[in-house]
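Structure assessment
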Amino acid sequence: MILVVSIGGSVLTSNLDPERIRKYASSIQALAEEHTTYIVVGGGRIARDYITAARDLGANEVECDIIGIDMTRINAKLLIAAMGNSAYPVPLTSYQDARNAALTGRVVVMGGLIPGQTTDAVSAVLAEYVGADLLINATSVDGVYTADPNLDSKAEKISSMTPSQLVDIVIKINMSAGSNSPLDPLAAKIIQRCGIKTIVIDGREPGNINEAAAGRHNGTLISVSPGR
Ligand code: UTP
């Protein structure tokens, strides 16, 4: 199948541990033996640190976003370095180039694209564009909750839901200041628009990505026909 995997920078490059990045590279190489695989890499803490510094120096939010995008691409380059010949050698900077690069048979790795969104949205648009069968969002929480679990002790993990339910939850969470959303609202809307099957999983263990591709996970399934 055609697979798009969004890997949060917080899970891939936390502490810049080469061993950790190597493990993700191995997991992805195993995936790519069976599937056409696209990887979208997030910015993580390093992006946030650079954005905070730039903001303090007077950069506006678009300038900060551009710095964030640069950092996602640096993270993508680390993953490409760990994957050797199995990855297309540079992070792609447009959806068209990404689709063309996949024709080489190599894993396509990219970071962010344009200001005003996150790599969640990139992965959702890419998944729609390339006609992916499955979008896996590997992040630092283990699924989508009824509310932000950091703010609401009654928040419960949802094992399966429709894209419309996802949109409702994401919009609600984003309205409370300082909260974390499992997926950005634009990504949720794109998933609703194209109805692509999406699984949100705890990506801190790279093997979870392979398990999810095989249909086994403890996260949240987002599907127009939940339960499947
Ligand atoms: P991330 O996708 O990592 O965002 O992009 P995030 O939600 O802050 O981090 P995770 O999900 O916890 O890893 C890092 C930053 O890069 C900019 C945004 O400023 C974003 O916060 N960015 C990224 C864009 O402006 N456009 C993009 O397409 C991607």
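How each quantity is defined
- Residues numbered from 1 in each chain as written.
- Predicted model: local features only at pLDDT ≥ 70, side-chain atom pairs only at ≥ 80, totals over all residues.
- Heavy atoms only, no water.
- Salt bridge = Lys/Arg side-chain N within 4 Å of Asp/Glu carboxyl O.
- Helix = DSSP H or I, 4+ residues; strand = E, 2+ residues; numbered from the N terminus.
- Buried < 20%, exposed > 50% of the residue type's maximum accessible area, 1.4 Å probe, protein only.
- Core = buried A, V, L, I, M, F, W, Y, C linked by side-chain atoms within 4.5 Å.
- Contact = heavy atoms within 4.5 Å.
- Near = heavy atom within 4 Å.
- Polar contact = N/O pair within 3.5 Å; in protein donor to acceptor, adjacent residues only side chain to side chain.
- Areas by Shrake-Rupley, 256 points an atom, 1.4 Å probe, with all protein chains shown as cover.
- Nonpolar A, V, L, I, M, F, W, Y, C, P; charged D, E, K, R; others polar.
- Phe/Tyr/Trp six-rings, centres within 6.5 Å; stacked < 30°, edge-to-face > 60°.
- Lys NZ or Arg CZ within 6 Å of the ring centre and 35° of its normal.

Our focus in this paragraph is the pattern of salt bridges. Scanning the entire structure with this criterion turns up seven salt bridges. Linking Arg45 and Asp49 is a salt bridge whose minimum nitrogen-to-oxygen distance equals 3.8 Å. You can see Arg45 and its partner Asp49 sitting in helix H3 (residues 44-56), four residues apart, about one turn around the helix. Here Glu61 and Arg55 are joined by a salt bridge, their closest N and O atoms 2.7 Å apart. Here Glu61 falls in the partly exposed class, since its relative accessible area comes to 43%. Taking the relative accessible area as the measure of exposure, Arg55 reaches 41% and is therefore partly exposed.

This paragraph deals with the environment of Lys77. Along the chain, Lys77 turns up in helix H4 (residues 61-83). Note on Lys77: relative accessible area 47%, which makes it partly exposed. When the C-alpha positions of Lys77 and Val144 are compared, they lie 29 Å apart, and in sequence the two are 67 residues distant.

Our next topic: the nonpolar core. By size, the foremost hydrophobic cluster in this structure holds 34 residues, and its most contacted members are Val4, Tyr38, Met110, Leu126, Leu166 and Ile191. Of all the elements in the fold, those that place two or more residues in this core are strand E2 (36-41), helix H5 (95-102), strand E3 (108-110), helix H6 (119-129), helix H7 (163-174) and helix H8 (185-194). Broken down by element, the residue count for this core peaks at five residues, all from H7. Among all residues touching Met110, those that are not within four sequence positions of it are Ile39, Val40, Val41, Ala76, Pro91, Leu92, Ser94, Ala98, Val122 and Leu126. Grouped together as the second largest cluster of nonpolar side chains are 28 residues, Val11, Tyr24, Leu79 and Ala212 included.

Taken together, 20 residues surround the ligand, and among them Gly43, Asp65, Leu113, Ile114 and Thr119 come closest. Here an oxygen atom of the ligand and a backbone polar atom of Gly43 are 2.6 Å apart. For the ligand, the protein covers 82% of the area, taking 570 Å² as the surface of the free molecule. Take the shell around the ligand: its biggest share by element is four residues, from H4. In terms of residue class, the shell around the ligand is made up of six nonpolar, twelve polar and two charged.

Let's shift gears to the packing of aromatic side chains. Applying the stated rule across the entire model yields one aromatic pair. Its guanidinium or amino end placed over the ring of Tyr129, Arg99 lies 4.0 Å from that ring's centre, counting from NZ or CZ.

On to unusual backbone geometry, then. The phi dihedral of Asn15 falls on the positive side, at around 65°, and the residue is not glycine. On the secondary structure map, Asn15 appears in the loop between helix H1 (9-12) and helix H2 (18-34). On the accessibility criterion, Asn15 (64% relative accessible area) is exposed. The backbone of Leu16 shows a phi angle near 50°, a positive value even though the residue is not glycine.

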